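Here is how the chains run, residue by residue.
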Amino acid sequence: MSVTFAQGFSAAGVTAGISSVEGKKDLALVVNNGPLDAAAGVFTSNRFCAAPVQWSRSVVKDGHLKAVILNSGGANACTGKPGYEQSKATAEKVAGLLGAKAEDVAVCSTGLIGELLPLDNVLSGAQKAYDALADDAQAGADASHAIMTTDTKAKTVELEGSTGFRVGGMVKGSGMIAPQLATMLCVITTDAVVSAGQLQAALNAGVDKSFNRIDVDGCMSTNDTVLLLASGASGVEPDPDEFNELVAKATASLARQIIGDGEGASHDIRITVTGATTEDAALACARAVAASNLLKCAISGNDPNWGRIVSSLGTVSVQDAPYDSEKVTVDVNGVRICENGGAGRDRSEVDMTPREVHIDIDLNAGDAEATVWTDDLTHEYVHINADYES
């Protein structure tokens, strides 16, 4: 049911003629029917952030949102003041339909950078989506499909707390994915009775351990947006720790689904660094390995080339991650192919047939650890991005 799993939300996904793919659903609308309208958001740190990011970052500051409108088929990024005016006009259209203020409507876009949207299609699509609003499973599914670009499948989550409150969500993302979010639009809904401050704290913590720890291709997007909305429709005030845990589970599930649908990927790669002096040190090391295109290409060819792992590990400064290179070990899918900084068992012993590849690095310098997920790079990735039109 995606975003409609939680009570108090309706959604729609329609064909508005924004995407270059004829007949594709390309506009989604999610409406919070209350009684609460609490909201929180996390956005890309890219300095070329898109017009809808600028708009939504501003309107969510007060902790309230009535609705989110999202389109695929165009990013509306690097479009200057005209692009911002398009986002504002879109919010005003939805607000007029709902009897709300434009400042209570977030706007999200994804697709090709540098071009304005066909605004007439967006506005007529908003009317079409409003007319199609429903709170059932099909409506949630339609919304999750409408935000897809190069995604091959919709990505959703449904979770329920011990006291009956619910968390549901959807995300799109497949390429242009790197730490500090990814090329993704994400809406998570809950019917719990929670404040905007609690939503923001839960979202920050969840995003930090999920969307900020995936890396498909090392490219940060201009449009990344993660929104968490609370309707309070269940009437349940959840235990704060349980609520935070459920939000973290939701973001972790959605982030993992992005990795599982990485553009053209044939392997999902989990990189876990243990034995670090601090979690930040472990994370720096894991990210360095995840960023290696040489390693990703090797994994694509079913080659567990540990030399590419340790060479990437070695780029992390001693200030960021102190360790002795002659004490480092590397296991790939349970086989120790690097022992004390040198050759271990023959890498031909590693079974590379599973979709998941587990790289476990022990720095033997402390007790902290961190995990990052990434994908391999294949010929299909090149093909998708050479022909990308949104």
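In case you missed it, the structure is sitting above this.
Cut-offs used in this document
Position numbers for residues start from 1 in each chain and track the written sequence from start to end. Residues qualify for local features only when their pLDDT is at least 70, as the model is predicted, and side-chain atom pairs are given and counted only at 80 or more; totals for whole chains, interfaces and linings, by contrast, use all residues. Here the side-chain values reflect all heavy atoms present in the structure, with hydrogen atoms and water set aside. Secondary structure elements are taken from DSSP: a helix is a run of H or I of four residues or more, a strand is a run of E of two residues or more, and numbering for both begins at the N terminus. As a reference, a globule follows 2.2 Å times the number of residues to the power 0.38, and the radius of gyration itself is taken over C-alpha atoms. Per-residue accessibility, obtained with a 1.4 Å probe over protein chains only, is compared with the maximum for each type, and a residue is labelled buried under 20%, exposed over 50%, and partly exposed between these values. The contact rule is simple, with two residues in contact once any of their heavy atoms fall within 4.5 Å. Residue exposure ignores everything except the shown protein chains as possible cover, and the areas themselves are Shrake-Rupley values with a 1.4 Å probe. Only four residue types enter the charge count: Lys and Arg as positive, Asp and Glu as negative, with His and the chain ends excluded. A charge is said to be at NZ when it belongs to Lys, at CZ for Arg, at CG for Asp and at CD for Glu. In this scheme, strands are said to pair when DSSP sees at least two bridges between them. To get an axis, fit a line to the C-alpha atoms, keeping to the stretch in contact for a helix; angles then go from 0 to 180 degrees between the N-to-C directions. Note on aromatic pairs: the rings of Phe, Tyr and Trp (six-membered ring only in Trp) are paired at centre separations within 6.5 Å, and the planes decide the class, stacked below 30 degrees, edge-to-face beyond 60, tilted for the rest. Consider the ring centre and the ring normal. A charge sits over the ring if Lys NZ or Arg CZ is within 6 Å of that centre and within 35 degrees of that normal. A cavity here means a set of points on a 1 Å grid, drawn over the protein atoms and nothing else, where a 1.4 Å probe fits but cannot get out; a pocket is an open set with protein on both sides within 12 Å along at least five of seven lines, and a residue lines either one if it has an atom within 4 Å of a point. Grid points are joined across faces, edges and corners, and a volume is the space filled by probe spheres set on the points. Charged residues are taken to be Asp, Glu, Lys and Arg, nonpolar residues to be Ala, Val, Leu, Ile, Met, Phe, Trp, Tyr, Cys and Pro, and polar residues to be all remaining types, Gly included. The salt bridge definition used is simple: a Lys or Arg side-chain nitrogen within 4 Å of an Asp or Glu carboxyl oxygen. What sets the label is the angle itself: under 35 degrees gives roughly parallel, over 145 gives roughly antiparallel, 65 to 115 gives roughly perpendicular, and the rest give oblique. For a crossing to be left-handed, the near helix must be turned anticlockwise from the far one by less than a right angle; the clockwise case is right-handed.

## Examining the overall build of the protein chain
Part 1: Helix and strand counts for the protein chain come out as 10 helices and 16 strands.
Part 2: Against the globule reference of 21 Å for 390 residues, the protein chain gives a C-alpha radius of gyration of 21 Å, in line with a compact fold.
Part 3: Classification of the 390 residues of the protein chain by burial places 55% in the buried group.
Part 4: Sequence separation of at least 24 residues holds for 80% of the intrachain contacts in the protein chain that already meet a minimum separation of 6.
Part 5: Approximately 14,900 Å² of the protein chain is accessible, and the part contributed by carbon and sulfur atoms is 48%.
Part 6: Positive and negative charge centroids in the protein chain, built from 28 and 51 side chains respectively, lie 3 Å apart.

## Some remarks on the sheet that holds strand S8 (residues 185–190)
Part 1: Pairing in this open sheet of five strands is mixed, and the strands run S3-S10-S8-S7-S6 from one edge to the other. Taken across any chain shown, the strands that pair with only one partner, and hence form the sheet edges, are strand S3 (38–43) and strand S6 (155–160). On average, each strand axis in the sheet is tilted by 10° relative to the strand beside it, whichever way the strands run.
Part 2: With six bridges joining them, strand S7 (residues 166–172) and S8 adopt antiparallel strand pairing. In the strand pairing of S8, Val171 is matched with Cys186.

## Some points on the packing of aromatic side chains
Part 1: In the structure shown here, the tally under the stated rule is two aromatic pairs.
Part 2: Ring plane angle 45° and centroid distance 6.1 Å describe the contact between Phe165 and Phe243, whose orientation is recorded as tilted. One end of the pair, Phe165, is in the loop between S6 and S7; the other, Phe243, is in helix H6 (residues 240–260), with 78 residues separating them in the sequence.
Part 3: With relative accessibility at 0%, the residue Phe243 sits in the buried group.
Part 4: Lying over the aromatic face of Phe5, Arg166 brings its terminal NZ or CZ to 4.2 Å of the ring centre.
Part 5: Across from the ring centre of Trp373, 4.0 Å away, lies the NZ or CZ of Arg256, which sits over that ring.

## As for helix H4 (residues 137–146)
Part 1: Here H4 has its buried residues at Ala139, Gly140, Asp142, Ala143, Ser144 and Ala146.
Part 2: Considering only its buried residues, H4 is in contact with strand S1 (9–14), strand S2 (27–32), strand S4 (67–72), S6 and S7.

## A word on the pairing of strand S15 (residues 356–362)
Part 1: Burial along S15 is one-sided: Val357, Ile359 and Ile361 are buried, and none of Glu356, His358, Asp360 and Asp362, which face the opposite way, are.
Part 2: Here strand S12 (residues 329–332) pairs with S15 via four bridges, running antiparallel. Bridge pairing in S15 links Val330 to Ile361.

## Concerning empty space enclosed by the protein
A probe as big as a water molecule, rolled over the atoms, marks out the empty space that is left.
Part 1: The tally for this structure, following the rule as stated, stands at one cavity of 30 Å³ or more.
Part 2: The calculated volume of the largest cavity comes to roughly 60 Å³.
Part 3: Of all elements in the fold, only S4, helix H2 (80–98) and strand S5 (105–110) reach the threshold of two or more residues within the lining of the largest cavity.
Part 4: Across the lining of the largest cavity, the residue classes break down as seven nonpolar, six polar and no charged.

## Details of the pattern of salt bridges
Part 1: Under the defined criterion, the tally for this structure stands at 14 salt bridges.
Part 2: For Lys155, the salt bridge goes to Asp151, with nearest N and O atoms at 2.7 Å.
Part 3: What makes Asp151 buried here is its relative accessible area of 7%.

## Quick word on the sheet that holds S4
Part 1: Judged by pairing direction, the sheet is mixed, and its four strands sit side by side in the order S1-S2-S4-S5 without closing on themselves. What marks the edges here is a single partner per strand, and that holds for S1 and S5. Pairwise comparison of adjacent strand axes, ignoring direction, gives a mean angle of 10° for this sheet.
Part 2: The pairing of S2 with S4 spans five bridges and is antiparallel. Within the sheet, the bridge partner assigned to Leu29 lies in S4 and is Ile69.

## Thoughts on the packing of helix H7 (residues 279–290) against helix H9 (residues 306–313)
Part 1: In the contact formed by H7 and H9, the axes pass within 8 Å of each other and the chain directions differ by 130°. In this view, H7 runs oblique relative to H9, as classed from their interaxial angle. You can see that H7 and H9 cross each other, and the crossing is right-handed. Of the residues in H9, those touching H7 at Cys285, Ala288 and Val289 are Ile309, Ser312 and Leu313.
Part 2: In terms of residue class, the contact of H7 with H9 is made up of five nonpolar, one polar and no charged.

## Structural notes on the packing of helix H1 (residues 51–59) against H2
Relative placement of two packed helices is described by the angle separating their axes and the distance separating the axes.
Part 1: Close contact between H1 and H2 brings their axes to 8 Å; oriented N to C, the two are set at 50°. Classified by the interaxial angle, the pair formed by H1 and H2 is oblique. As for how H1 packs across H2, the hand of that crossing is right-handed. Of H2, the residues touching H1 (which contributes Ala51, Pro52, Gln54 and Trp55) are Gly83, Tyr84, Ser87, Lys88 and Ala91.
Part 2: Within the contact of H1 with H2, the residues separate by chemical class into five nonpolar, three polar and one charged.

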